[in-house]
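Spelled out from the first residue to the last, the chains are:
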Amino acid sequence: MYTEIFPVTSHVESIVVLSHKSPDGVINVKVEFGKGKGKVPLDAIAERAKKYQPKPKITYKMIQEYVEKKYGFKVHTAYIAEVKRSLGLTMYDAPNAVEELKQPRKCPPKEKVEAIADALKYFEVI
């Protein structure tokens, strides 16, 4: 059911009716783990699970720590954002972002751009 309470917004309210129902049928599945005929090896399951495991989300803090450890200097998050923007990478839509900046964006120094780009390569973002 689709009901629009606030017509100016894009919010939708849904109404759901829950009821208790018995299942139509039951399927029993028996799986034996281990080695041998008709058994599922645990090693294969672990390898398959690793393949489908999502990559961890790379944060600005992780990039800052990598640059500081490898290059010995700190980089500001604004510099990381500028490098990502210059490379055409997707940016997070900040809920409190402003339309016009109070100050123009500062271009990071070349050495910091290279360090941030190296960190992005290290974390396989680029």
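For the structure given in this document, a descriptive report is provided here. (Residues numbered from 1 in each chain as written. Predicted model: local features only at pLDDT ≥ 70, side-chain atom pairs only at ≥ 80, totals over all residues. Heavy atoms only, no water.)

**Quick look at the packing of aromatic side chains**
Logical step 1: Evaluation of the coordinates by the stated rule reveals four aromatic pairs.
Logical step 2: Each ring, one from Tyr66 and one from Phe123, has its centre 5.8 Å from the other, and the planes form 65 degrees; the classification is edge-to-face. Placement of Tyr66 in helix H2 (residues 60-71) and of Phe123 in the segment after helix H4 (110-122) is noted, with a sequence separation of 57 residues between them. Each member of the pair, Tyr66 as well as Phe123, carries the same accessibility label: buried.
Logical step 3: Measuring from ring centre to ring centre gives 5.0 Å for Tyr122 and Phe123, while their planes differ by 80 degrees; the resulting arrangement is edge-to-face.
Logical step 4: Members of the aromatic cluster, connected to one another through ring pairs, are Tyr66, Tyr122 and Phe123. (Phe/Tyr/Trp six-rings, centres within 6.5 Å; stacked < 30°, edge-to-face > 60°. Helix = DSSP H or I, 4+ residues; strand = E, 2+ residues; numbered from the N terminus. Buried < 20%, exposed > 50% of the residue type's maximum accessible area, 1.4 Å probe, protein only.)

**Notes on a nonpolar patch on the surface**
Logical step 1: On the surface, Ile27, Val29, Val31, Phe33, Val40, Leu42 and Ile45 cluster together to form a nonpolar patch covering roughly 700 Å² of accessible area.
Logical step 2: Residue position: Val29 is located in the segment before helix H1 (42-52). (Patch = residues over 30% accessible without salt bridge, like charges linked within 9 Å, V, L, I, M, F, W, Y side chains within 5 Å. Areas by Shrake-Rupley, 256 points an atom, 1.4 Å probe, with all protein chains shown as cover. Salt bridge = Lys/Arg side-chain N within 4 Å of Asp/Glu carboxyl O.)

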